[in-house]
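Secondary and tertiary structure notes
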Amino acid sequence: MILKKNSILRKKPMTVKRRGKKFQATVCHNGDRYRSTFPTADEASKWALKTKVELNEGKDIKPTSPTGLSDTKVPYTLYDLAQYTKRTEWSECKSGKELYRNSEMVCDVLGKEMPVADITKIHIDNMIQKWKESGTKNGTINRKLASLSKIFTVAIELGVITHRPVIKRLKEAKHRVRWYTTDELTRMKHICDVLSIPDTDAQEATHWKDFGDYILFMADTGLRQGEAYSLKWSEIIKVRKTEEDGRPDLRGLVDSVLIEESKNDVKRIVPLTLRSQEIINNKLTNADEHSMKVNGCPLSNYDKRGTGPWHWWTKARLRHYWDTLRDAMGWSGDKQAVLHTLRHTFATHLLQGGASLRHVQEMLGHATIATTQIYTHLTDAQVQEAYRKAHPRA
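Note that this is a predicted model, so its numbers are computed, not measured.

If you trace the backbone, arginine 343 turns up in helix 12 (residues 341-352). Sequence separation between arginine 343 and tryptophan 179 is 164 residues, and the spatial gap between their C-alpha atoms is 8.2 Å. Apart from the residues lying within four places of it in its own chain, the contact partners of arginine 343 are Gly222, Leu223, Arg224, Arg268, Leu364, His366 and Tyr375. From its side chain, arginine 343 meets the backbone oxygen of glycine 222 in a polar contact 2.6 Å long.

Quick look at the structure:
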């Protein structure tokens, strides 16, 4: 029997995906899944094609079972495919929990037992309309649709469907990016300093002092909140001086931070301002003899959770102190006055100081320049000033 390669590929899908340093090939045939891992993508593709041909010729090949399943039955309902996608795709993704939560909301509207093959554009449009009527913003709806789109992709890979319904991304409102001025940062630090004066609760005063330092550090580095409180002492880079005998002096000053675990797995080095260098050095200097030590670096006496300068802070603690500070600043009604705005502040100050958009992208850890372009919110006066400086006839 002669089989045409293209006809085989059209009948059932086969995929090759990168898994760490290796490549995993997957072939689906008659409801069963066959999977193997190889050093190169080329080897994986060749194995997938060979396996597909052999299966179509009727050769006996033992299928591999999905993790956590006792059989090789392919999931067909929306809920089962969401669970399958959670195990095989989202469990390895940093935003996997959010993606799965969004898929649950999709299931709530369309129904857990809804066969994915029966979902049409009409179902999706009605679901979107329901969310809009409940006051859900377009950006939130887009994130839910992204989860559904991924489920469709997995369904195609498993051979459950041959094509997906059209999912159009909704237009999101463009707001002017909020950022904090130098005066606002100074006032925030002043309020924290006032609250850090020991009264009846010395520990609370210490926390306010640390929170004030945290505010300035975030405005100076543009780190994401998760990157800050997961920052390790080993990721703080010191200037390496050289002794007379040629050996490196490990007592060098703090110079920058290395972000190894980020939202999109983009590693980057962020230089520290003199102010942030002083904050980190003070944390090291003020550690007492009872403090923990990791790789020879002492931790501050209130940093008992982990191995970095901000490990004491959690999302809940940051929210508690920020809400108090925001009210003191008179921003209780300002929805854009949030901790993440410190990241916007960092980007804005760089651009206003003449940094290129590409450099800002690298320091923020954006995967694409398009994400960074939201920070190009220069005022008319700044544009006019740039024109006068750059144009020869201005």
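Turning next to the packing of helix 4 (residues 96-110) against helix 5 (residues 121-133). Between helix 4 and helix 5, the least distance of the axes is 10 Å, while the angle of their chain directions is 105°. With respect to helix 5, the element helix 4 is oriented roughly perpendicular. In this structure, helix 4 uses Met105, Val106, Val109 and Leu110 to contact helix 5, whose residues at the interface are His123, Met127, Lys130 and Trp131.

This brings us to the packing of aromatic side chains. Aromatic rings in a pair are described by how distant their centres are and how their planes are angled relative to each other. The full count for this structure, using the stated rule, is 14 aromatic pairs. Both rings, one in phenylalanine 217 and one in tryptophan 310, keep their centres 5.4 Å apart while their planes meet at 50°; by these two values the pair is tilted. Taken together, the positions of phenylalanine 217 in helix 8 (residues 202-221) and tryptophan 310 in the loop between strand 10 (297-298) and helix 11 (315-329) put the pair 93 residues apart, joining distant regions of the chain. Assessed through its relative accessible area of 0%, phenylalanine 217 is described here as buried. Between tryptophan 312 and tryptophan 313 the ring centres are 4.7 Å apart and the planes differ by 85°, which places this aromatic pair in the edge-to-face class. In textbook terms, an aromatic cluster arises when at least three aromatic residues are bridged by ring pairs, as seen for Trp208, Phe211, Tyr214, Phe217, Trp310, Trp312, Trp313 and Tyr321. Across from the ring centre of tyrosine 100, 4.3 Å away, lies the NZ or CZ of lysine 86, which sits over that ring. Above the plane of the ring of tryptophan 331 lies arginine 178, whose end atom (NZ or CZ) is 5.0 Å from the centre.

It is worth spelling out the environment of aspartate 265 at this point. Position of aspartate 265 relative to the elements: it lies in the loop between strand 7 (254-259) and strand 8 (268-271). The spatial distance from the C-alpha of aspartate 265 to the C-alpha of lysine 94 is 8.7 Å, given a sequence separation of 171 residues.

With that settled, the discussion passes to the side chain of threonine 136. Its place among the elements puts threonine 136 in the loop between helix 5 and helix 6 (138-157). Leave out the neighbours within four places in its chain, and threonine 136 touches Trp131, Ile141 and Lys144.

Examined against the element boundaries, arginine 268 turns out to sit in strand 8. A distance of 2.7 Å separates a polar atom in the side chain of arginine 268 from a polar atom in the side chain of glutamate 227. A polar contact of 2.7 Å, which involves the side chain of arginine 268, links it to the backbone oxygen of methionine 363.

Using the criterion set out here, one finds 14 salt bridges in the structure. A salt bridge links aspartate 210 to lysine 283, with the shortest nitrogen-to-oxygen separation between them at 2.9 Å. Residue aspartate 210 is located in helix 8, and its partner lysine 283 is located in helix 10 (residues 274-285); the two are separated by 73 residues in the primary sequence. A relative accessible area of 2% places aspartate 210 in the buried class. On the basis of relative accessible area, lysine 283 is assigned to the buried category, the value being 5%. A salt bridge links arginine 224 to glutamate 227; the shortest N-O distance between them is 2.6 Å. Across this residue pair, the class does not change: arginine 224 and glutamate 227 are buried. If you follow the salt bridges from partner to partner, you end up with Arg178, Glu184 and Asp334 in one network.

Rules used in this analysis
Throughout this description, residue numbers start from 1 for each chain and increase along the sequence as written. Restriction of local features to residues with pLDDT of at least 70 applies here, the model being predicted, together with a cutoff of 80 or more for giving and counting side-chain atom pairs; totals for whole chains, interfaces and linings are based on all residues. Hydrogens and water are ignored here; the side-chain numbers use all heavy atoms of the structure. Helix and strand definitions here come from DSSP, where helices need a minimum of 4 consecutive H or I residues and strands a minimum of 2 consecutive E residues; each element is numbered from the N-terminal end. The contact rule is simple, with two residues in contact once any of their heavy atoms fall within 4.5 Å. For this analysis, a polar contact is any N or O atom pair within 3.5 Å, provided that within protein one partner can donate a hydrogen and the other can accept it, and provided that sequence-adjacent residues contribute only side-chain to side-chain pairs. Axes here mean lines fitted to C-alpha atoms, for a helix over just the part in contact, with angles spanning 0 to 180 degrees between N-to-C directions. Roughly parallel means an angle under 35 degrees; roughly antiparallel, over 145; roughly perpendicular, 65 to 115; everything else is oblique. Think of it this way: a Phe, Tyr or Trp ring, Trp meaning its six-membered ring, pairs with another when their centres are within 6.5 Å, and the plane angle makes it stacked under 30 degrees, edge-to-face over 60, tilted otherwise. Three labels apply to residues, based on accessible area from a 1.4 Å probe with only protein chains included: buried if under 20% of the type maximum, exposed if over 50%, partly exposed otherwise in between. Ring-over charges, as used throughout, are those where CZ of Arg or NZ of Lys falls within 6 Å of the ring centre and within 35 degrees of the ring normal. We define a salt bridge as a side-chain nitrogen of Lys or Arg found within 4 Å of a carboxyl oxygen belonging to Asp or Glu.

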